[in-house]
Amino acid sequence: MPLNDTPAIRLEDVVFRHGDRLILDGVSMTIPRGAIAAVMGPSGVGKTTILRLVSGQLRPESGRVLVNGEDVSAMNRKALYRMRENLGFLLQNGALFTDLTVFENVATPLREHRDLDEPAIADIVEARLDAVGLAGTGDLMPHELSGGMARRVALARAVVLDPAIVLFDEPMAGLDPIAVSTINALIRRTNDDLGLTSVVVTHDVVQMKKLADYCYILAEGRIAGEGPPAELAASDDPAVDQFMNGRMDGPIPFRYAGAAGS
Amino acid sequence: MSARWLEPVATAGRAGLFTLQMLAAIRPSMKQAGETLRQAYLVGARSLIIIMICGFFVGMVLALQAINALAQFGAADQVSLLVGKSLFRELGPVLTALLFAGRAGTAIAAEIGLMKATGQIDAMELMAIDPVERVALPRFLAGLISVPLLTAMFSAMAILGAVVFAIGVMGLDAGVFWSKLQTGVRFGEDFMGGIWKSVAFGGLVSGTAAWYGFSARPTGAGVATATTNTVVISSVLVLVIDFIMTSFFT
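Worth saying up front: this structure is predicted, and the values here are computed from it rather than measured.

## Observations concerning the overall build of chain A
Okay, step 1: Tallying secondary structure elements over chain A gives 9 helices and 10 strands in all.
Okay, step 2: Its C-alpha atoms give chain A a radius of gyration of 19 Å, within 12% of the compact-globule value 18 Å for 262 residues.
Okay, step 3: Looking at chain A as a whole, 49% of its 262 residues are labelled buried.
Okay, step 4: By element, 51% of the accessible surface of chain A is carried by carbon and sulfur atoms, the whole surface being about 11,900 Å².
Okay, step 5: For chain A, the distance from the average site of its 25 positive side-chain charges to the average site of its 35 negative ones is 4 Å.

This is the structure in structure tokens:
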């Protein structure tokens, strides 16, 4: 099958357990190339777990995780590292290297995986910082940045190798409304300009309606609903309705799923 | 019952695998050499002052005790021999390693533990950068390189301390002091024997620190535990390995 027909990411009936606790109970999803897909659901439902299964940091108990048609769960370390060069991952708090400058943070993947001379690296890094609206901040240290700026630097770093797929773990959590809009706009622009496939994990329904092309709603280890955000908002599935409209009452329990008696 | 005994064995096994993973990551590359030197500066050169101060005072107290003990047999002029032998073979390498564990081992464990807690180790893995090669290995090699050098400096300062006390304070004859030291202490057996030990201690301390940093739980308390464990376990290991190496090689 030619690469462009294979979905960028595909989960087939994935089961994942953390200790005794069942996190994912037969989750399947298909994320087409070029789309921004959102994975939503209440906190602790296993959204981040899905990203870590895609990046190969976790392995499913059963089922398959395919990235560009290749089974991540069957890869050895070397194949995994090769796959990750083509995969950007924006971690929850950005996870910038605190002892390196902004410039060096963005330059790190280039230095590691591309054989470029110093002026070429400087050109790329400056261009990428400019693209996230942070031109001229290269000499700052991460602790001198605001939360929103740090997130943007992390975004620049995540896409500096021109990956085909970028995973975003709660990219808007803990940011002020303006920074949220900025990050949203950047995710959209980066996705379309660079021709990426993006997966965004979030619980922010309002932002997701604006950003995502397609949504998956995860509840109690299963996909409770999927579809374009507008369709989901009008869904009459009780779990989807509860989440999309933030109701306290509904099938999604207000309890830790691992607690006794649940 | 069995699970309780299995856990330490499993931990030791994982630590062993971690060491192999580090060794397997050694490459003859400029980048790795550069980072190793940078770490040798951070963990080694910055331990220099404390090592020198401690060495000086250990030398003085050794001379004091030795003179007191030897004077009972009228052999106070043998002080440099006693100081030299005990220092080069045992006290220099062991005390340097223990000080290094407290000064540099804790820093390594806390730094790596914090990198883990803030997701930086994760970020590296996700960028297809091996954190064992990039973070653990340079620190391990830095320990291997800097502890023998620190040991030599410790011993030199201790001899100086002994000189100050024995000759300066107690008024022993300088010529006797130096000639006893020169004839009695052998470079190959005494001095180099200690240096070889300190190479092992250096790797032991920095390797233990890197291991505890990497296996720290990603929380504040986890980092604190990792730092404590580094000092406790590496100190115990240094003394145990010291006994084993001494009984095999002498």
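And the narrative resumes.
## Regarding the side chain of Asp190(B)
Residues and elements named next belong to chain B.
Okay, step 1: The residue Asp190 is located in helix H8 (residues 187-214) in this model.
Okay, step 2: Within the structure, the side chain of Asp190 is placed 3.3 Å from the side chain of Lys85, a separation counted as a polar contact.
Okay, step 3: The residues touching Asp190, leaving out its near neighbours within four places in the chain, are Lys85, Phe88, Arg89, Gly184 and Val185.

## Considering the interface of chain B and chain A
Okay, step 1: Taken together, the contact pairs 18 residues of chain B with 22 residues of chain A.
Okay, step 2: A combined buried area of about 1,600 Å² lies between chain B and chain A, and 52% of that area is made up of carbon and sulfur atoms.
Okay, step 3: Inspection of the chain B/chain A interface yields 5 salt bridges.
Okay, step 4: In this structure, Glu112(A) engages Arg134(B) in a salt bridge whose closest nitrogen and oxygen atoms are separated by 2.7 Å.
Okay, step 5: Seen at the junction of chain B and chain A, the total is 9 residue pairs in polar contact (both at pLDDT 80 or more).

## Looking at the side chain of Gln39(B)
Okay, step 1: By the element assignment, Gln39(B) lies in helix H2 (residues 30-44).
Okay, step 2: In contact with Gln39(B), not counting residues within four places along its chain, are Gly44(B), Pro138(B), Arg139(B) and Ala142(B).

## Concerning the pairing of strand E10 (residues 222-227) of chain A
All names here are of chain A.
Okay, step 1: Relative to E10, strand E9 (residues 214-219) is paired through 5 bridges, and the arrangement is antiparallel. By the bridge assignment, Cys215 is partnered in E10 with Gly227.
Okay, step 2: Hairpin geometry of E9 and E10 is characterised by an intervening segment of 2 residues between the two adjacent antiparallel strands and by a positive phi of about 50° at Glu220.

## Let's talk about a negative patch on the surface
Residues and elements named next belong to chain A.
Okay, step 1: The grouping of Asp123, Glu126, Asp130 and Asp139 at the surface amounts to a negative patch.
Okay, step 2: Tracing the sequence through the fold places Asp139 in the loop between helix H4 (118-131) and helix H5 (147-158).
Okay, step 3: Of the residues examined, Asp139 reaches a relative accessible area of 73% and is grouped as exposed.

## Some thoughts on helix H2 (residues 77-84) of chain A
Okay, step 1: The set of residues buried in H2(A) consists of Leu80(A), Tyr81(A), Met83(A) and Arg84(A). For H2(A), the angular spread of the buried residues around the axis is 160°, confining them to a single face. Seen from the open side of H2(A), the exposed residues pointing more than 90 degrees away from its buried face are Lys78(A) and Arg82(A).
Okay, step 2: Elements in contact with the buried residues of H2(A): helix H1 (47-54), strand E4 (62-67) and strand E6 (87-90) of chain A together with helix H5 (120-126) and helix H6 (131-169) of chain B.

## Overview of the pattern of salt bridges
Any two side chains of opposite charge can pair, given that their charged atoms come close.
Okay, step 1: For the structure on display, the rule yields 22 salt bridges over all chains.
Okay, step 2: For Arg17(A), the salt bridge identified is with Glu61(A), shortest N-O distance 3.0 Å. Here Arg17(A), found in strand E1 (residues 9-18), pairs with Glu61(A), found in the loop between H1 and E4; they are 44 residues apart in sequence, far enough to count as distant.
Okay, step 3: According to the relative accessible area criterion, Glu61(A) is partly exposed, its value standing at 48%.
Okay, step 4: With a shortest N-O distance of 3.1 Å, Glu189(B) and Arg186(B) are connected by a salt bridge.

Thresholds applied
Residues numbered from 1 in each chain as written. Chains lettered and ligands numbered in written order. Predicted model: local features only at pLDDT ≥ 70, side-chain atom pairs only at ≥ 80, totals over all residues. Heavy atoms only, no water. Helix = DSSP H or I, 4+ residues; strand = E, 2+ residues; numbered from the N terminus. Rg over C-alpha atoms; globule rule 2.2 N^0.38 Å. Buried < 20%, exposed > 50% of the residue type's maximum accessible area, 1.4 Å probe, protein only. Areas by Shrake-Rupley, 256 points an atom, 1.4 Å probe, with all protein chains shown as cover. Lys, Arg positive; Asp, Glu negative; His and termini not counted. Charge placed at Lys NZ, Arg CZ, Asp CG, Glu CD. Polar contact = N/O pair within 3.5 Å; in protein donor to acceptor, adjacent residues only side chain to side chain. Contact = heavy atoms within 4.5 Å. Buried area = accessible area lost by both parts, 1.4 Å probe. Salt bridge = Lys/Arg side-chain N within 4 Å of Asp/Glu carboxyl O. Pairing = 2+ DSSP bridges. Patch = residues over 30% accessible without salt bridge, like charges linked within 9 Å, V, L, I, M, F, W, Y side chains within 5 Å. Arc of directions from axis to C-beta.

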